Amino acid sequence: MSESLNTDKIGVLTRALKRERKAREIAEQVIEQRLRELYTSNIVLNKTVLNEKEYQKEIIENLVDAFFVIDFHGNIIDINVEGYKLIGADNTGKPKNINEFNQINKKKLFDLFSKKRYRDKEVLFLDFINRDGDRKYISIKSKRLYDSENKAYAYQ
């Protein structure tokens, strides 16, 4: 009888092990399917984001106004064709920082964007002087840009 009891226990354990293996296989198949779906969704999302970035870049490049994105240290993050024309530069002579502007412009820009006094506003500059020495009359409309954590990182 003891031998038959051991055989029954072995049979029960074998069947339980088979059920566990089958359940694990099914779970792995579900996880693999979900990973494939996520991977495919990620590819589609990446393409969408790239298309949105290209579209946004196209809009910025085709603006009739000069467009700059400047971080809090005066580094120029982005600039469009009209921005190059305003400051008297071409694509090869892209300024990396507003320190490369003339002293009058640089001081006024730093004053305008000082963190203590800054608010989204429009300011009229009557004496912006480009690299060629041409005096330009410009109106600056500025906004702070925020990252995904809602921290301000630059001015537009």
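Notes on the structure in this doc start here. (Residues numbered from 1 in each chain as written. Predicted model: local features only at pLDDT ≥ 70, side-chain atom pairs only at ≥ 80, totals over all residues. Heavy atoms only, no water.)

Observations regarding the overall build of the protein chain
On a plain count of helices and strands, the protein chain comes out with 3 helices and 6 strands. Of the regular secondary structure in the protein chain, the N- to C-terminal order runs α-β-β-α-α-β-β-β-β. Counting the 156 residues in the protein chain, one finds 23% classified as buried. Sequence-distant contacts, at least 24 apart, represent 33% of the contacts inside the protein chain between residues at least 6 apart. For the protein chain, the exposed area adds up to about 12,100 Å²; of that, 54% sits on carbon and sulfur atoms. (Helix = DSSP H or I, 4+ residues; strand = E, 2+ residues; numbered from the N terminus. Buried < 20%, exposed > 50% of the residue type's maximum accessible area, 1.4 Å probe, protein only. Contact = heavy atoms within 4.5 Å. Areas by Shrake-Rupley, 256 points an atom, 1.4 Å probe, with all protein chains shown as cover.)

Here's the deal with the layout of surface pockets
In this approach a probe as big as a water molecule rolls over the atoms, and the regions it shows empty are the leftover space. When its volume is computed, the largest pocket comes out at roughly 630 Å³. Contributing to the lining of the largest pocket are 23 residues, with Ala66, Phe67, Ser139, Ile140 and Lys141 lying nearest its centre. Element by element, the count of residues in the lining of the largest pocket is highest for strand S4 (residues 135–142), at 5 residues. Looking at the lining of the largest pocket residue by residue, the class counts come to 15 nonpolar, 3 polar and 5 charged. Taken as a whole, the second largest pocket holds about 220 Å³ of empty space. Along the walls of the second largest pocket sit Lys53, Gln56, Lys57, Ile60, Phe67, Val69, Ile77, Asp78, Leu145, Tyr153 and Gln156, which together make up its complete lining. When contributions to the lining of the second largest pocket are tallied by element, the ones reaching two or more residues are helix H1 (2–61) and strand S2 (76–79). Considering every element that reaches the lining of the second largest pocket, the biggest residue donor is H1, with 4 residues. Across the lining of the second largest pocket, the residue classes tally to 6 nonpolar, 2 polar and 3 charged. (1 Å grid on protein atoms, 1.4 Å probe; cavity = no way out; pocket = protein on both sides within 12 Å on 5 of 7 lines; lining within 4 Å. Points joined across faces, edges and corners; volume = space filled by probe spheres on them. Nonpolar A, V, L, I, M, F, W, Y, C, P; charged D, E, K, R; others polar.)

Quick look at the nonpolar core
Across soluble globular proteins, nonpolar side chains have a tendency to be buried as a group. In terms of nonpolar packing, the biggest core is built from 14 residues, with Phe68, Ile76, Ile79, Ile87, Ile98, Phe101 and Phe128 touching the most fellow members. Where this core is concerned, the elements lending two or more residues are strand S1 (68–71), S2, helix H2 (81–87) and S4. Per-element accounting of this core gives the leading share, 3 residues, to H2. Other than its neighbours up to four places away in sequence, Ile79 contacts Glu61, Phe67, Phe68, Tyr84, Ile87 and Lys94. (Core = buried A, V, L, I, M, F, W, Y, C linked by side-chain atoms within 4.5 Å.)

Section: the pairing of S1
Both faces of S1 are covered, namely the face carrying Phe68 and Ile70 and the face carrying Val69 and Asp71. Both S1 and S2 contribute to a ladder of 3 bridges, which runs antiparallel. When the sheet's bridge partners are listed, Val69 is paired in S2 with Asp78. Inspection of the sheet shows S1 paired to strand S6 (residues 152–155) by 2 bridges, in the antiparallel sense. By the bridge assignment, Asp71 is partnered in S6 with Ala154. (Pairing = 2+ DSSP bridges.)

Details of a nonpolar patch on the surface
Together, Ile31, Leu35 and Leu38 give the surface a local cluster of nonpolar side chains, amounting to about 290 Å² of exposed area. Structurally, the position occupied by Leu35 is in helix H1. Taking the relative accessible area as the measure of exposure, Leu35 reaches 52% and is therefore exposed. (Patch = residues over 30% accessible without salt bridge, like charges linked within 9 Å, V, L, I, M, F, W, Y side chains within 5 Å. Salt bridge = Lys/Arg side-chain N within 4 Å of Asp/Glu carboxyl O.)

Treat this as a map of the structure, not an account of what it does.
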